[in-house]
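Structure assessment
Residues per chain are reported as follows:
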Amino acid sequence: MINRRDLIKHLSTFPLLGGFLGQGGAETASLIAKAPARNLAKELGIRTFINAAGTYTAMTGSLMQDDVVTTIQGASKDFMMLDEVQTKVGEKIAAITHAEAAVVTAGCFSALTLGLAGVLTGLDQKKVEALPHLEGTGMKSEVIIQKGHNIGYSHALTNTGCKIVQVETLEELEKAINEKTAMLWFLNIQSDKGQIGHEKFVEIGKKNAIPTMIDMAADVPPVENLWKFNDMGFDLVCVSGGKAMRGPQSAGILMGKKHLIEAARLSMPPRGSTIGRGMKVNKEEILGMYVALDNFVKMDHKKEWKMWEDRVAHIGNAAKSVKGVSTEVTVPELGNHTPTLKISWDATKVSLPAKVLQETLRKGDPSIEVMTGENNSLSITTWMLKPGEEKIVASRLKEELSKAVV
Ligand SMILES: *Cc1c(COP(=O)(O)O)cnc(C)c1O
């Protein structure tokens, strides 16, 4: 029989049962220990699915690396000072990414807010507490961005109280800079949607002594991007932890110039009276983020790429074996840089609206998530699949497409 001490050692396996231990003694304990681990998805009726779509926040991003989960469990056993965890982890992350300093944030979005907060306040505690109210504080109040970069994520910047100034041409950018300009912000995933490239943008920032920040949330792989923009001279670089790196979904990294990271941390927990108090990252996630990054950098990326390609080929071959179906593999240059399979069909040969196929796959057993594209097409990525799931996706697709052949 398992004794009480052994059981306590293994409590991590049954975190929800720990509370019962006080009452029943070893007998009860052994019964509890033998109970199977709870399957919360089943118990609460939450749908789980094969993710052939990609790293979408709505689909809970990515599955954490096993090492990350082990790190989280291990770290949960001891108290640590939050600031010390951030400082020690920050030093390691900075060394990996060629940054002067780094800090783990609650996702890339909060890295954007906190980085800008640091730019605005510097080390002035009064200013930190004044945010998001800028008037009469002496803080700057404008962030310049290119029009094509102004998609939803710039809301992270206006959270500080700053307003967005949009520009299109280089001339407009230089004219827009004034004494209120706090920062120039660049969105990597939209870099082909603006006239001003990375290097020019950084150059203009330096010339005017205005910090530049880049959002590269979804831009690994390639792994080199983790240091490329630091090397290029951006003052702040922000990335998601829970996308391709498969760290905690609620973690991200803010990295860059030491004085700016130090300033950003004044708006972060444990400090209250700050705009960042609600953007808490626990020690488990901070350490998990470090392990995710460290493993990701050391990973065999060629091998990984080959595996994604093989899976794409397997699914593509099954789909195009159905008459009237064709496939194409592309790799987005910006964001979600992974082999992406487009499956399309001639509606006169296969009578099946893409939305209907998507819903059928979703409702199947096992449930499968794919994205729809333009005119009778699906878009599939394989980097979020677990080994072997490509076979299920392939056969389900073939089955449903075949049924719709007219
Ligand atoms: C995902 C994403 C974000 C937000 O990142 P989180 O880590 O989810 O906070 C910001 N910008 C872009 C371009 C993204 O793709």
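As the structure is a prediction and not an experimental result, all values here were calculated from the model. (Residues numbered from 1 in each chain as written. Predicted model: local features only at pLDDT ≥ 70, side-chain atom pairs only at ≥ 80, totals over all residues. Heavy atoms only, no water.)

**Structural notes on the domain arrangement of the chain**
This is how it is decided: Throughout, the edges of the domains are those of an automatic or database domain assignment. Should any heavy atoms of two residues lie within 4.5 Å, those residues are considered in contact. Joining two parts hides part of their accessible area as seen by a 1.4 Å probe, and the buried area is that hidden amount summed over both. We count a salt bridge whenever a side-chain nitrogen from Lys or Arg sits within 4 Å of a carboxyl oxygen from Asp or Glu. Within 3.5 Å is the distance limit for a polar contact, defined as a pair of N or O atoms, with the added protein rule that one can donate a hydrogen and the other accept it, and that residues adjacent in sequence qualify only through two side-chain atoms.
Along its sequence, the chain is organised into domain 1 (79-298) and domain 2 (301-403). Placing the centre of domain 1 and that of domain 2 at their C-alpha centroids yields a distance of 35 Å. At the interface, 14 residues of domain 1 touch eight residues of domain 2. Carbon and sulfur atoms make up 67% of the area that domain 1 and domain 2 hide from each other, which totals about 800 Å². The interface formed by domain 1 and domain 2 holds zero salt bridges in total. Across the domain 1-domain 2 interface, the total number found is three residue pairs in polar contact (both at pLDDT 80 or more).

**Here's the deal with the packing of helix α15 (residues 354-363) against helix α16 (residues 389-403)**
The relative placement of two packed helices comes down to the angle between their axes together with the axis-to-axis distance. As a reminder of what qualifies: Inter-axis angles, ranging from 0 to 180 degrees, are taken between N-to-C directions of lines fitted to C-alpha atoms, where helices are fitted over the stretch in contact. Secondary structure elements are taken from DSSP: a helix is a run of H or I of four residues or more, a strand is a run of E of two residues or more, and numbering for both begins at the N terminus. Roughly parallel covers angles under 35 degrees, roughly antiparallel covers those over 145, roughly perpendicular covers 65 to 115, and oblique covers all other angles. Helix crossings are classified by the rotation of the near helix relative to the far one: an anticlockwise turn of less than a right angle makes the crossing left-handed, while a clockwise turn makes it right-handed. When residues are sorted by character, Ala, Val, Leu, Ile, Met, Phe, Trp, Tyr, Cys and Pro go into the nonpolar class, Asp, Glu, Lys and Arg into the charged class, and all the rest, Gly among them, into the polar class.
Between α15 and α16, whose axes approach to 11 Å, the crossing angle comes to 130°. In terms of orientation, α15 and α16 fall into the oblique class. You can see that α15 and α16 cross each other, and the crossing is right-handed. For the pair formed by α15 and α16, the contact residues are Leu 357, Thr 360 and Leu 361 on the first element and Arg 396, Leu 397, Glu 400 and Leu 401 on the second. Looking at the contact of α15 with α16 residue by residue, the classes come out as four nonpolar, one polar and two charged.

**Examining the pattern of salt bridges**
This is how it is decided: Residue burial is assigned from relative accessible area. The probe radius is 1.4 Å, only protein chains are included, and a residue is buried under 20% of its type maximum, exposed over 50%, and partly exposed in between.
In the structure shown here, the tally under the stated rule is 22 salt bridges. In this structure, the salt-bridge partner of Lys 257 is Asp 235, at a minimum N-O distance of 3.9 Å. With Lys 257 in the loop between β8 (252-256) and α12 (258-265) and Asp 235 in the loop between α11 (225-232) and β7 (236-240), this residue pair connects regions lying 22 residues apart in the sequence. Note on Asp 235: relative accessible area 13%, which makes it buried. The shortest N-O distance in the salt bridge between Glu 399 and Arg 396 comes to 3.0 Å. Of this pair, Glu 399 and Arg 396 both sit in helix α16, three residues apart, which is roughly one turn of that helix.

**Some details on the packing of helix α6 (residues 107-121) against α12**
Where α6 contacts α12, the two axes come as close as 7 Å, and the packing angle between them is 105°. As the angle between them shows, α6 and α12 are arranged roughly perpendicular. For the pair α6 and α12, contact is made by Leu 114, Gly 115, Gly 118, Val 119 and Thr 121 and by Leu 260, Ala 263 and Ala 264, respectively.

**Describing empty space enclosed by the protein**
Basically, it comes down to this: Computed over the protein atoms alone on a 1 Å grid, cavities are sets of points where a 1.4 Å probe fits but cannot get out and pockets are open sets with protein on both sides within 12 Å along at least five of seven lines; a residue lines them when it has an atom within 4 Å of a point. Grid points are joined across faces, edges and corners, and a volume is the space filled by probe spheres set on the points.
Inspection of the entire model under this criterion finds one cavity of 30 Å³ or more. Roughly 40 Å³ of volume is contained in the largest cavity. Looking at the lining of the largest cavity residue by residue, the class counts come to six nonpolar, one polar and one charged.

**Quick notes on the site of the ligand**
As a reminder of what qualifies: Residue proximity to a molecule or strand is established when one non-hydrogen atom of the residue lies within 4 Å of it.
Every residue near the ligand is listed here: Gly 107, Cys 108, Phe 109, Tyr 153, Leu 187, Asp 215, Ala 217, Ala 218, Ser 240 and Lys 243. A distance of 2.9 Å is found between an oxygen atom of the ligand and a backbone nitrogen or oxygen belonging to Phe 109. Contact between the ligand and Ser 240: an oxygen atom at 2.7 Å from a side-chain N or O atom of the residue. It is α6 that contributes the most residues to the shell around the ligand, three residues altogether. A per-class count over the shell around the ligand returns six nonpolar, two polar and two charged.

**A look at the sheet that holds β8**
Short version of the rule: By this definition, two strands are paired if DSSP reports at least two bridges between them.
Pairing is mixed in the open sheet, where seven strands are placed in the order β2-β8-β7-β6-β5-β3-β4. With one partner strand each, in any of the chains shown, β2 (101-105) and β4 (163-167) form the two edges of the open sheet. Between one strand axis and the next, the sheet turns through 25° on average, direction left out of account. Sheet contacts for helix α10 (residues 198-207): β3 (142-146), β5 (181-187) and β6 (212-215); angle to β5, the most-contacted strand, approximately 170°.

**Structural notes on the nonpolar core**
Operational definition: We call a set of buried Ala, Val, Leu, Ile, Met, Phe, Trp, Tyr and Cys residues a nonpolar core when their side-chain atoms join them within 4.5 Å.
Leu 226 and Phe 234 are the most contacted members of the largest nonpolar core, which has 45 residues in total. Looking at which element gives the most residues to this core, the answer is helix α13 (residues 283-298), with six residues. Among the nonpolar cores identified, the runner-up in size contains 33 residues, and Ala 117, Leu 134, Leu 187 and Leu 254 belong to it.

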